[in-house]
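# Architecture and fold: a report
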Amino acid sequence: MSVLSLFSRRETALHAMDDKRLMLEVKRGDRRAFDTLYHRYARRLQGFFFRQLGGDEERAADAMQDTLLRVFEHRERYVEGSDVGTWVFSIAYNLCKNIYRSNAYEAQYLQTLDAQPAEESAVEIQMDHERLMEALQQVLDALPPPLRLLFSLRHEEELTVPQIAAILQIPEGTVKSRLHKTMNLIRQQLKHYEHI
């Protein structure tokens, strides 16, 4: 069997592995396994950072690279059997948190947000999908970074509340409360579309 054939078989085997098995190979130092993991997460991470860092493509690309570099550098910290996506996005979140912290913004805003009582409102938006998506994107772009992050993890990355709690290292109840408040803020901003 040729070297090329063995290489091709190994690549096929790596692509067929689930994330947990693939991460164990990365943990053992397998660079080809890391390349496969990189390709699985690079696009999602870049999109995540693009949304979290104000639409700056260059900063998003840098943050994605930093995150995946940290995944490889700290591969020994991966706990066998744990959800790889949660672990990777925990690293990404910590990177975002460092960026937010450098802006001295997150802590002050979250204290204010957590002190506000949650409001209940049911807003039914009846407008065509394209206009709604445009309006929603404008609202999301205007959200403070911590809330944009939370919305992104839940509704764009489709992570569960327990996964988000693990990533953000906060109680699940806090995640639910902040998600509720985020949705109320979004509803308030889109309220003028209520009767369309």
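Preceding this paragraph is the structure being described.
The following refers to the structure shown. Here the structure is a predicted model, which means the values were calculated and not measured. (Residues numbered from 1 in each chain as written. Predicted model: local features only at pLDDT ≥ 70, side-chain atom pairs only at ≥ 80, totals over all residues. Heavy atoms only, no water.)

Take the environment of L24 next. Tracing the backbone through its elements, the reader meets L24 in helix α2 (residues 19-27). Since its relative accessible area comes to 17%, L24 is described here as buried. Between the C-alpha atoms of L24 and F34, which are 10 residues apart in sequence, the distance is 9.9 Å. Other than its neighbours up to four places away in sequence, L24 contacts Y78 and E80. (Helix = DSSP H or I, 4+ residues; strand = E, 2+ residues; numbered from the N terminus. Buried < 20%, exposed > 50% of the residue type's maximum accessible area, 1.4 Å probe, protein only. Contact = heavy atoms within 4.5 Å.)

This brings us to the packing of helix α9 (residues 161-168) against helix α10 (residues 172-189). With their axes 8 Å apart at the nearest point, α9 and α10 run at an angle of 105° to one another. Comparing their axes, α10 and α9 come out roughly perpendicular. Mapping the contact onto sequence places V161, P162, I164 and A165 in α9 and E172, V175, K176 and L179 in α10. A class-by-class count of the residues in the contact of α9 with α10 yields 6 nonpolar, no polar and 2 charged. (Axes fitted to C-alpha atoms, helices over the stretch in contact; angles between N-to-C directions. Parallel < 35°, antiparallel > 145°, perpendicular 65-115°, else oblique. Nonpolar A, V, L, I, M, F, W, Y, C, P; charged D, E, K, R; others polar.)

Under the defined criterion, the tally for this structure stands at 5 salt bridges. R51 is paired through a salt bridge with E156; the nearest N and O atoms lie 2.3 Å apart. One end of the pair, R51, is in helix α3 (residues 31-52); the other, E156, is in helix α8 (residues 145-156), with 105 residues separating them in the sequence. For E156, a relative accessible area of 30% gives the class partly exposed. What emerges from the salt-bridge pattern is a single network uniting R44, R51, E156 and E157. (Salt bridge = Lys/Arg side-chain N within 4 Å of Asp/Glu carboxyl O.)

Quick look at the nonpolar core now. Core analysis: the biggest nonpolar cluster contains 45 residues, and L45, F49, V71, F89, L153 and L168 have the highest contact counts within it. At the level of elements, α2, α3, α4 (57-73), α5 (84-102), α8, α9 and α10 are the ones that each hand at least two residues to this core. Ranked by residue count, the leading element in this core is α5, at 11 residues. Leave out the neighbours within four places in its chain, and L153 touches F48, F89, E158, L159, I164, I167 and L168. L136, L140, L143 and L190 belong to the second largest nonpolar core, which has 9 residues in total. (Core = buried A, V, L, I, M, F, W, Y, C linked by side-chain atoms within 4.5 Å.)

What follows concerns unusual backbone geometry. Not every positive phi belongs to a glycine, and E158 is a case in point at roughly 55°. Structurally, the position occupied by E158 is in the loop between α8 and α9. Residue Q169 is not a glycine yet carries a positive backbone phi of 60°. Following the sequence through the fold, Q169 ends up in the loop between α9 and α10.

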